[in-house]
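For reference, the chains in residue letters:
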Amino acid sequence: MAQINETDRDDARGIGDQFGHSRCFGATASEPRERCQQRASYLTTNEFYVGYMTITAGFAGSMRRAVGPVTGAACFLALVGCAGVTRVPFTSHEQSVAAIPGISGARLWADDPTIGTGRRVVSPLALKQPTVLALSGGGAYAAFGAGLLNGWSARGTRPQFTIVTGASSGALIAPFAFLGTGQDEALRSIFTSGEMENLLQSDGLMGLFGTGLYKTAPLRELIVRHVDAKLLEAIALENRAGRRLYVVTTNIDAQRTAIWDMGKIAASDDPGALELFRNILTASASIPGLFSPVLIDVEGEGRRFAEMHVDGGVTANVLIVPEAVLLSGTPLFAPNARPKIYIVMNGKLAPEFEVVKDSTLPIVTRSFETSVRANTQNTLLASYQFSKRRNWEFNLASIDPDYPKSESSGFGTAYMRQLFEYGYQKGQSGQLWQAPQLELQGAAAARPAVVTAVTP
């Protein structure tokens, strides 16, 4: 965190005075003296407290400059009532039958019992040995996956994937991975040029009382720069050839995982296809609380309304086999098919110890990461067992447990370049894919343990 400067120190003092938390007026049963004194120490630290919410002094300065010392409290109260947007109400039934206007079959639901029975996952022309690439979320760690694909291309053994899936930051890789080695430079640019350096821009007061702490615009602009009509045309062409591209979001209205058929959207010729494609990528990478949710227009029972979608990692950080298929055992491929599954985990599989700072944002972030990690391990276990019973080849790549963590949060360019190069070396070496032996140990969560190495 940057050192506090005198302007920010004065701003922190002024805002603290307005809200009655700039001094310690005495300890209480609910606030011990040590805590009270800590709260009062904003004059010599980089943080101050509004209630029990820790806010950096830099943030305080920008807030002070934006609202002024007199109107600050009024703005706080006003924003509580006006930060959100008015949404058209709809029923559970309307949501359950809702679809994208003009693009039939644009999405599936991961928990839909009919998935895989009412439509083919791939065309009848698909190979008897289809290849599937599943790209997980991981924030800045997605630079690892981008580098791995580049290195795999350099080795000359990277296949053309029949199906590509992406969730969260993995969704930002997925369209380029789907189109093949010709998009490697685009991936390199996205993850190493510094374009992501400023993704986390505070949204000021709107961040506190709106729908996300950080502005969505930088993420949206990144996607717009790289996802254009030409890219959609290329994806549409591959979709017509029988290949499939899927991206995952979480519909938090329905608490369901949405699987978007991005190839079908690209091939729809609908005038809103490009906008929808970009919205889905933005939603899939929008961590709730940090970035605002994305509202996607749908129609159900003759009524138009908007669904709220957030990061796919909330419910499915990696899409290998949809949950309904895991439960039903519905065949996804022809009986004689022997798929090769390649999973890129943009992160470490094993838990990482960290003494969490006693502050709201670090606690929320750490809790979200812990939940996603546990869900991901369960998904890997279930998908591995599903694949093993059907004699599918199951390959997994991830960041080694001892790989150093970033010394700063966010999307630092230097660290992402290191991750990209690390992934590149793994891909180029040919020893990137490992077949995990996942076994339940009592009621404990499964821990993947590498047993064999596979060189494609």
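Since we're looking at a predicted model, the values are computed, not measured.

(A) Fine view of helix α9 (residues 217-226). Among the residues of α9, P218, L219, R220, L222, I223 and H226 are the ones counted as buried. Along its buried surface, α9 packs onto α6 (169-179), α7 (184-192), α10 (229-240) and α12 (273-284).

(B) View of the side chain of S153. Looking at the element boundaries, S153 is found in helix α5 (residues 142-155). If we ignore the near neighbours within four places in the chain, the residues touching S153 are R158, T181 and D184.

(C) Quick peek at unusual backbone geometry. We note that Q255 has phi near 55°; this positive angle belongs to a residue other than glycine. Here Q255 is to be found in the loop between β6 (244-251) and β7 (256-261). Unlike most non-glycine residues, E301 shows phi in positive territory, near 55°. Here E301 shows up in the loop between β8 (294-300) and β9 (303-311).

(D) The packing of α10 against α12, seen in detail. The contact between α10 and α12 brings their axes to 10 Å, and the two run at 90°. When the interaxial angle is binned, α10 and α12 end up roughly perpendicular. Counted together, A229, L232 and I235 of α10 and A273, L274 and F277 of α12 form the full contact between these two elements. The residue inventory of the contact of α10 with α12, partitioned by class, reads six nonpolar, no polar and no charged.

(E) Seen up close, the packing of α6 against α12. In the contact formed by α6 and α12, the axes pass within 7 Å of each other and the chain directions differ by 140°. By the angle class used here, α6 and α12 are oblique. Contacts from A171, L172 and P175 in α6 reach F277, L281 and S284 in α12. Residue composition of the contact of α6 with α12, by class: five nonpolar, one polar and no charged.

Rules behind the numbers
- Residues numbered from 1 in each chain as written.
- Predicted model: local features only at pLDDT ≥ 70, side-chain atom pairs only at ≥ 80, totals over all residues.
- Heavy atoms only, no water.
- Buried < 20%, exposed > 50% of the residue type's maximum accessible area, 1.4 Å probe, protein only.
- Helix = DSSP H or I, 4+ residues; strand = E, 2+ residues; numbered from the N terminus.
- Contact = heavy atoms within 4.5 Å.
- Axes fitted to C-alpha atoms, helices over the stretch in contact; angles between N-to-C directions.
- Parallel < 35°, antiparallel > 145°, perpendicular 65-115°, else oblique.
- Nonpolar A, V, L, I, M, F, W, Y, C, P; charged D, E, K, R; others polar.

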